[in-house]
Number of protein chains: 4
Amino acid sequence: MIIAIKRGSPAEEVIEFIAFLEKQGVKVHRSDGEEQTVLGLVGDTTKIDADALRARHLVDKVIRVQEPYKMANRSFHPDDTRIDVSTDGGGVKSIGGGFLGIIAGPCSVESREQIIAVAQSVKKSGAGFLRGGAFKPRTSPYSFQGLGCEGVNLLMEAKKETGLPVVSELMTINQLEIFDGVDVIQIGARNMQNFSLLRELGHCCKPILLKRGYANTITELLMAAEYIMAGGNERIILCERGIRSFDDYTRNTLDLAAVPILKRHSHLPVIVDPSHSTGLSWMVPSMSKAAIAAGADGIIVEVHNNPEKALCDGEQSITPDVFSDLMDTIRKYAVIEGKTL
Amino acid sequence: MIIAIKRGSPAEEVIEFIAFLEKQGVKVHRSDGEEQTVLGLVGDTTKIDADALRARHLVDKVIRVQEPYKMANRSFHPDDTRIDVSTDGGGVKSIGGGFLGIIAGPCSVESREQIIAVAQSVKKSGAGFLRGGAFKPRTSPYSFQGLGCEGVNLLMEAKKETGLPVVSELMTINQLEIFDGVDVIQIGARNMQNFSLLRELGHCCKPILLKRGYANTITELLMAAEYIMAGGNERIILCERGIRSFDDYTRNTLDLAAVPILKRHSHLPVIVDPSHSTGLSWMVPSMSKAAIAAGADGIIVEVHNNPEKALCDGEQSITPDVFSDLMDTIRKYAVIEGKTL
Amino acid sequence: MIIAIKRGSPAEEVIEFIAFLEKQGVKVHRSDGEEQTVLGLVGDTTKIDADALRARHLVDKVIRVQEPYKMANRSFHPDDTRIDVSTDGGGVKSIGGGFLGIIAGPCSVESREQIIAVAQSVKKSGAGFLRGGAFKPRTSPYSFQGLGCEGVNLLMEAKKETGLPVVSELMTINQLEIFDGVDVIQIGARNMQNFSLLRELGHCCKPILLKRGYANTITELLMAAEYIMAGGNERIILCERGIRSFDDYTRNTLDLAAVPILKRHSHLPVIVDPSHSTGLSWMVPSMSKAAIAAGADGIIVEVHNNPEKALCDGEQSITPDVFSDLMDTIRKYAVIEGKTL
Amino acid sequence: MIIAIKRGSPAEEVIEFIAFLEKQGVKVHRSDGEEQTVLGLVGDTTKIDADALRARHLVDKVIRVQEPYKMANRSFHPDDTRIDVSTDGGGVKSIGGGFLGIIAGPCSVESREQIIAVAQSVKKSGAGFLRGGAFKPRTSPYSFQGLGCEGVNLLMEAKKETGLPVVSELMTINQLEIFDGVDVIQIGARNMQNFSLLRELGHCCKPILLKRGYANTITELLMAAEYIMAGGNERIILCERGIRSFDDYTRNTLDLAAVPILKRHSHLPVIVDPSHSTGLSWMVPSMSKAAIAAGADGIIVEVHNNPEKALCDGEQSITPDVFSDLMDTIRKYAVIEGKTL
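Draft legend 1. Up close: the overall build of chain A. The secondary structure content of chain A amounts to ten helices and 14 strands. Expressed as lengths along the three principal axes of its C-alpha atoms, the size of chain A is roughly 75 × 45 × 45 Å. Taken across its 341 residues, chain A has 65% of its residues classed as buried. Taking the average place of the 38 positive charges on the side chains of chain A and the average place of its 43 negative ones, the gap between the two points comes to 2 Å.

As structure tokens, this is what we get:
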């Protein structure tokens, strides 16, 4: 961390300020230039609050050189993290570290027939994981909110039927018990900065699929991962799912540049959600391919056997046939990118 | 709601679609133009999911004419809602309906001395409510997270000492018990779409100060209020606190146009947070005045007796002296705007 | 400017780099900390290209301490600039330095009757300047593009009739001749970074009303002013007119915080356009008042005698009656703010 | 176009309004529902100004069903447009219609040696076009503004040397003469809505590479193309180069979803600029691949033989070696996507 001191600051205040900084456990290297005094902080600056420093009247600028996250930081963990999920049959499905995780399924679990049909079809096409929402965060209190516990039970049936590990969204920590059989816990974009929830997830022993909030920076996403990791749970899959911009053609603006950035700064696997980001099924194949080309470790895609009748988000769900074709292309891309499906 | 049907849609599918719509409790008025068939939905369309309709292949466009919120809607409740809060001495402090609510205090409660000193000073300058954070949502797990229960206890002491009703932020529903003596519960921007929490707040009997998420639209804010109101709690104060834009000079972009918009579409009181939106104390007075001029029913301002030593967000806190001067000007603006402090 | 050097950079490369920097006319103060070498640049860094430095592989971070604009910078010109415009009758109308400039008139000049009627009415209500578009930048090539030269002639008639100085938008430098009688040249948001045009305007001797581009930062606006000022024309009025954000209720998001920011960093007068920013006439009065409360040196407002029949942007034009009421309130605000109308 | 009339509008005003609409050359289909009257406009609504209609007090909502652009619209021109550029040797280089156009070269032309060296190297790696800036739009008037005419002359030498057609940015129409030998005229993001310039380009007979403004919607980009096409020049290449969002890690947010959207709504070729959008050379290869995977008809990439010494934007330029590797991968992607290089 580098701190530029305002010109004309009284010498004794600068000395006092340096003492204050050193009390926080860092060493301070002072450099008095002709026009400006600059302080260089040496040591672990993760716990130093840059905003609090900026409030000091003798501080001109504060520049973080070190990133504010540690456990999620690739500098301290150079190798890719691979998330392994055991399947019922004794196998393993992996995401990251050269493995592409393909997660597919309906937005909401709607019925036994629906979820089993979709699960069987996406398995056949090559998906590694089944997704399905039981508890749905909906903008309107009057919209369908998911089947709840019954939805989780139906997911368990589909898992039993197909052997696919299951990914589902958790909305409050109280649901953790119900999620006993769920293999990967998804945290939605709107909860990415629900810090109380993140802290609780640190004590949970399941992998967490953490979606980027639609107005959160890369650093904030990594800090949210850090909240969970600081509690002891290091199995986190990051997910880019679109950010809000002025452009209103798609529901959100898919920020594919986030993929190489996250992979450069963190060792955690990064996947992309082409369905929620665009909100339009016809764009899902091209954005899925672009995600893999950008270096993503997988995708999470909505597939519905009858998008027209879907109880939520049908507009963005692709059919099993489209998914099957997409998987054929993804296999070719995986070869070029040196990834294993 | 108006639905434009795609050209060339088979007649029988259109008929089937109309039947489907009518099953959802609305009447459908069909109009066959030369180039396009248009359906007009009559009745309560609040519960109809526009996105689900857009997924139908015969649907071209869906346009909401009616707003998706009901209880928060001024159309169904033309008069301003006024939130009254009883004070210990048997008095009442009000926000909305012609009353300006001035909420002031430190970002975080830090010590008995600090909170009582600030409370006395803002009371003297004319503030109606004391704010103070006991549980703090912080981006980094390594930053100061607030004094917690002890912070709430200190707020209670400051309330006893000054008689000012207290506003404090709640992060999970489990904290409700601890908040027994808190007069107004603040829900932070990051929890604005924590739907599980909103639903629980519907059963609570305290006024809720609901902050707009920094990437949420006006409609989403009103839908969040609707979540709470649908549960039975209709005492909600809306708060504009800045949105994210490309501009990085201030922490967020204060969207003052939201004030007249919210007041046009809703009967709920609307206040403005000039401290968190800008993040810079020197802008607080000008943005506070602009908020009142724009028609706000109040402001929530950070005041700290020693901003330089504040444990969080000192950069955006004004001193008691600056606050006192600001109140003098606000009193003049209130006269012009016909508001009572 | 402060440059942090990457750890492990070869000593001789750092020396070579310092020599390169000094060749650009600055002195370099080098400070070798335990973990990082930091260079402090002393002297005029305005001409140093921070981006070019960032491309060097031994550079970690570059931080501008000095702002990149000079002539527009308040540091080098502490007093407010006041723009005086002579009127035909020998009087003077001023904007800035304590004077509120109220510029009002229709979006487009449409006919002799219209422009003269509006001019007379806004003059009566207290406007100091008449605005009217003769050349209109329209998103569609098929929309009405303004009356062109005829429009300018009609503006001249209205000026003669009322004595009000005239503000009109110029789209290419070739129109300068036609604008001989126009008193203040407006440069629209879409041309804010038309650098060829800005450079030409530096040689022009009329005041320039420079609108902020809807996706431009505060610094970019001041750099655009700097382009004109570097050519010799220092009479510039800055105008905030809304930026693009995710929110789609209003046409743009009016960034009123830009007003105190611009006034802190620049000596140039700052006005606000409440009409184009919101796009909605009913919001114009509240946003105009908020602009004055935020410290603006004036407003530019669309007034049309028959908004319903306006050839462009009628939706955002207020009627002469609404304008007259607004002026009454602005006069009261001006007293509080210590401004002269 | 569908117009919803406000409830309670006087019958005679509705009739008068319909007459007004029909005078503009469309037929109006009126439908009186129980709660609302809806008008359907039949015919060419391209020239109808939706905003002007919204200003009418009896209008509730206006919904465009037809897109406002015509010549750029795929509906009226279902086949892909291919832009062919003749090379000196009698050959042809194409972009669109199944052909990938790879445009590479330095941000700025700096010297004879530089431009020829880069041209030879990118040609060897398989680029089809040479890019190089002679006139540079720079945010600061004090930055290097390009070599101007001399730069164009050097580009001509590089063209002669290598046979590569040349792409260069034009800033004002006066430069057209100097651009005689330039094969494709680039219009930069900041000039995308310089309507005077666009109109002039309609009379020019060279292909135009039109970059999307960093705050412009898809529709606005297509309307800008329409401006040029309406003048007679239909050879336009659209270019996505990043938009402004809250995220500040990269210079802009590359909106790759724009590629399939533009190709769905327009027949014009679409390319991507991974260099200016990200501003970081290490991201160029992954974003280039993602662009091709998303369906782009080509890329425009900055390649510099010595990025560290580049006079502008070195930070985003890749070296000839990195470019050569990237071309190898692109060739593989092209096979999967069925495109010809």
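The rest of the description comes next.
Draft legend 2. Local environment of the relation of the copies chain D and chain C. The two copies are related by a screw operation: chain D maps onto chain C through 180 degrees of rotation and 0.0 Å of translation along the axis, at an RMSD of 0.0 Å. The operation mapping one copy onto its partner corresponds to a two-fold rotation axis. Proximity to the rotation axis, assessed at the C-alpha, singles out D:Ala215 in chain D; its C-alpha lies 2.8 Å from the axis. When the interface residues of chain D are mapped onto chain C, 98% of them again lie at the interface, so the same face is used by both copies.

Draft legend 3. Broad picture of helix α4 (residues 149–162) of chain D. Residue and element names in this part refer to chain D. Given a rise of 1.5 Å per residue, 14 residues ought to cover 20 Å, and the 20 Å separating the end C-alpha atoms of α4 matches this to within 8%. Contact partners of the buried residues in α4: α3 (112–125), β8 (129–131) and β9 (166–169). The positive-phi residue at the C-terminal boundary of α4 is Gly 163, with phi of around 80 degrees.

Draft legend 4. Seen up close, the interface of chain C and chain A. With 21 residues of chain C in contact, the opposing surface of chain A contributes 21 residues. Summed over both partners, the interface of chain C with chain A buries about 1800 Å², with 63% contributed by carbon and sulfur atoms. Counting across the interface, chain C meets chain A through zero salt bridges. Remark: the boundary between chain C and chain A carries six residue pairs in polar contact (both at pLDDT 80 or more).

Draft legend 5. The state of the cysteines, seen in detail. All names here are of chain B. Under the definition given, this model contains zero disulfides over all chains. Looking at Cys 205, it has no disulfide partner, and the nearest cysteine sulfur is the one in Cys 204, 5.7 Å off. With relative accessibility at 68%, the residue Cys 205 sits in the exposed group.

Draft legend 6. Broad picture of the relation of the copies chain C and chain A. Once chain C is rotated about the relating axis by 180 degrees and shifted along it by 0.0 Å, it coincides with chain A to within an RMSD of 0.1 Å. Mapped onto chain A, 100% of the interface residues of chain C again fall at the interface, so both copies present the same surface.

Draft legend 7. The sheet that holds strand β1 (residues 2–5) of chain A, seen in detail. Residue and element names in this part refer to chain A. The strand order across the open sheet built from four strands is β2-β3-β1-β4, with neighbouring strands paired in antiparallel fashion. The open sheet terminates on both sides in strands that have one partner only, identified here as β2 (27–32) and β4 (59–63). Averaged over all pairs of adjacent strands, the angle between strand axes in this sheet comes to 20 degrees, irrespective of strand direction. Summarising the sheet, β2 and strand β3 (residues 37–42) pair through six bridges and their orientation is antiparallel. Note on β3: the bridge partner recorded for Arg 30 is Leu 39.

Draft legend 8. Inspection of the packing of helix α3 (residues 112–125) of chain A against helix α4 (residues 149–162) of chain A at higher detail. Residues and elements named next belong to chain A. Contact pair α3 / α4: the axes reach a minimum separation of 9 Å and the direction vectors enclose 35 degrees. Helix-helix and strand crossings are classified by hand; for α3 and α4 the assignment is right-handed. Note on element contacts: α4 touches α3 through Leu 154, Leu 155, Glu 157, Ala 158, Glu 161 and Thr 162, opposite Arg 112, Ile 115, Ile 116, Ala 119, Gln 120 and Lys 123. Looking at side-chain class alone, the contact of α3 with α4 contains six nonpolar, two polar and four charged residues.

Draft legend 9. Region of interest: the interface of chain D and chain C. Counting residues at the interface gives 46 residues for chain D and 47 residues for chain C. Between chain D and chain C, roughly 4100 Å² of surface is buried when both sides are summed, and carbon and sulfur atoms account for 48% of that area. Summed over the shared surface of chain D and chain C, the result is four salt bridges. Notably, a salt bridge pairs D:Arg138 with C:Asp49, separated by 2.6 Å at the nearest N-O pair. The interface formed by chain D and chain C holds 26 residue pairs in polar contact (both at pLDDT 80 or more) in total. With five residues, helix α6 (residues 218–230) of chain D is the largest single contributor of residues to the side of chain D that touches chain C. Here the residues of the side of chain D that touches chain C sort into 17 nonpolar, 13 polar and 16 charged.

Draft legend 10. Representation of the sheet that holds strand β1 (residues 2–5) of chain B within the structure. Residues and elements named next belong to chain B. Pairing within the open sheet is antiparallel, and its four strands lie in the order β2-β3-β1-β4. One side of each edge strand has no neighbouring strand; the edge strands of this open sheet are β2 (27–32) and β4 (59–63). Sheet twist, expressed as the mean angle between neighbouring strand axes with direction ignored, is 20 degrees. Together, β1, β2, β3 (37–42) and β4 form the strand contacts of helix α1 (residues 11–23), whose direction differs from that of β2 by roughly 155 degrees.

Draft legend 11. The arrangement of the side chain of B:Thr250 in detail. Assignment of secondary structure puts B:Thr250 in the loop between β12 (236–240) and α7 (258–265). A polar contact is formed between the side chain of B:Thr250 and the backbone oxygen of B:Asn252, at a distance of 2.7 Å. Those residues in contact with B:Thr250, other than ones at most four positions away along the chain, are B:Ser277, B:Thr278, B:Leu280, B:Met283 and C:Ile261.

Draft legend 12. Spatial organisation of the environment of C:Ile116. Residues and elements named next belong to chain C. Among the secondary structure elements, Ile 116 is positioned in helix α3 (residues 112–125). Distance from Ile 116 to Lys 159, taken between C-alpha atoms, is 8.4 Å for residues 43 residues apart in sequence. Those residues in contact with Ile 116 that lie beyond four places of it in its chain are Glu 157, Ala 158 and Glu 161.

Draft legend 13. Broad picture of the pattern of salt bridges. Inspection of the entire model under this criterion finds 64 salt bridges over all chains. The residue C:Glu157 makes a salt bridge to C:Arg112 at a minimum N-O spacing of 2.5 Å. Placement of C:Glu157 in helix α4 (residues 149–162) and of C:Arg112 in helix α3 is noted, with a sequence separation of 45 residues between them. Judged by relative accessible area, which is 29%, C:Glu157 ranks as partly exposed. Across the salt bridge formed by D:Asp32 and D:Arg30, the nearest N and O atoms sit 3.0 Å from each other. One salt-bridge network, held together by shared partners, links A:Arg212, A:Glu240, A:Asp255 and D:Asp247.

Draft legend 14. Seen up close, α7(B). The buried fraction of α7(B) is high, at seven of eight residues. Close packing links the buried residues of α7(B) with α6 (218–230), β12 and β13 (270–272) of chain B together with α9 (284–294) of chain C.

Draft legend 15. Representation of the nonpolar core within the structure. A:Leu210, B:Leu210, C:Leu210 and D:Leu210 are the most contacted members of the largest nonpolar core, which has 304 residues in total. Leaving out residues up to four positions away in the same chain, C:Leu210 has contacts with C:Ile187, C:Met192, C:Leu198, C:Leu221, C:Ala224, C:Ala225, C:Ile228, C:Ile236, C:Ile237, C:Leu238 and C:Cys239.

Draft legend 16. Just the packing of aromatic side chains, in detail. Taken as a whole and assessed by the stated rule, the structure comprises 14 aromatic pairs over all chains. Here A:Tyr333 and D:Tyr333 contribute two aromatic rings whose centre-to-centre distance is 4.8 Å and whose plane-to-plane angle is 75 degrees, an arrangement assigned as edge-to-face. Residue A:Tyr333 is found in helix α10 (residues 320–337), and its partner D:Tyr333 is found in helix α10 (residues 320–337); the two belong to separate chains. Of the two residues, A:Tyr333 and D:Tyr333, neither departs from the other in class, the shared state being buried. When the ring centre of C:Phe20 is taken as reference, the NZ or CZ atom of C:Arg56 above it lies at 4.2 Å.

Draft legend 17. Just the packing of helix α6 (residues 218–230) of chain A against helix α7 (residues 258–265) of chain A, in detail. Residue and element names in this part refer to chain A. Remark: α6 packs on α7, axes separated minimally by 11 Å, with the N-to-C direction vectors making an angle of 50 degrees. Comparing their axes, α7 and α6 come out oblique. Between α6 and α7 lies a crossing whose hand is right-handed. Judged by residue contacts, Ile 218, Leu 221 and Leu 222 of α6 engage Ala 258, Ile 261, Leu 262 and His 265 from α7. Classifying every residue of the contact of α6 with α7 by side-chain character gives six nonpolar, one polar and no charged.

Draft legend 18. Representation of the pairing of β1(B) in the model. All names here are of chain B. Residues of β1 alternate between two faces, with Ile 2 and Ala 4 on one and Ile 3 and Ile 5 on the opposite face, all of them buried. Where β1 meets β4, four bridges bridge the pair, whose relative direction is antiparallel. Counterpart to Ile 2 in the pairing with β4 is Ile 63. Pairing analysis gives three bridges linking β1 to β3, with the strands arranged antiparallel. Bridging across to β3, Ala 4 finds its partner in Val 38.

Definitions and limits used
Here the residue numbering is sequential within each chain, running from 1 through the sequence in written order. Ligands are numbered from 1 and chains lettered from A, in the order in which they are written. Note on the predicted model: pLDDT of at least 70 is required for a residue's local features to be given, and 80 or more for side-chain atom pairs to be given and counted; whole-chain, interface and lining totals, by contrast, use all residues. The basis for every side-chain value is the complete set of heavy atoms in the structure, and neither hydrogens nor water enter the calculation. Helix and strand definitions here come from DSSP, where helices need a minimum of 4 consecutive H or I residues and strands a minimum of 2 consecutive E residues; each element is numbered from the N-terminal end. Summary of the burial criterion: residues with accessible area below 20% of their type's maximum are buried, those above 50% are exposed, and those between are partly exposed, where the area comes from a 1.4 Å probe applied to protein chains only. Neither His nor the chain termini are counted; the positive set is Lys and Arg, and the negative set is Asp and Glu. Working definition for charges: the position is that of NZ of Lys, CZ of Arg, CG of Asp or CD of Glu. The superposition of copies rests on a least-squares fit of C-alpha positions from residues with pLDDT of 70 or more in both. Any pair of residues with heavy atoms lying within 4.5 Å of one another is described as a contacting pair. A helix is expected to span 1.5 Å for every residue after the first. Buried area is understood as the total, over both parts, of accessible area removed when two parts are fitted together, assessed with a 1.4 Å probe. Salt bridges are counted wherever a side-chain nitrogen of Lys or Arg sits within 4 Å of a carboxyl oxygen of Asp or Glu. Here a polar contact is recorded for every N or O atom pair within 3.5 Å, except that within protein the pair must consist of a potential hydrogen donor and a potential acceptor, and residues adjacent in sequence are included only if both atoms are side-chain atoms. By convention in this document, the label disulfide applies to cysteine sulfur atom pairs within 2.5 Å. By definition, two strands form a pair when at least two bridges between them are found by DSSP. Interaxial angle, 0 to 180 degrees, is taken between N-to-C directions of lines fitted to C-alpha atoms, where a helix line uses only the stretch in contact. Left-handed describes a crossing whose near helix is turned anticlockwise from the far helix by less than a right angle; the clockwise case is right-handed. Three residue categories are used. Nonpolar comprises Ala, Val, Leu, Ile, Met, Phe, Trp, Tyr, Cys and Pro, charged comprises Asp, Glu, Lys and Arg, and polar comprises the others, including Gly. We define the nonpolar core as a collection of buried residues of types Ala, Val, Leu, Ile, Met, Phe, Trp, Tyr and Cys that are connected through side-chain atoms lying within 4.5 Å of one another. Here a pair means two rings of Phe, Tyr or Trp (six-membered ring of Trp) with centres within 6.5 Å. Their orientation is stacked below 30 degrees between planes, edge-to-face above 60, and tilted elsewhere. A ring is considered to have a charge above it if a Lys NZ or an Arg CZ atom is located within 6 Å of its centre and within 35 degrees of its normal. Roughly parallel covers angles under 35 degrees, roughly antiparallel covers those over 145, roughly perpendicular covers 65 to 115, and oblique covers all other angles.

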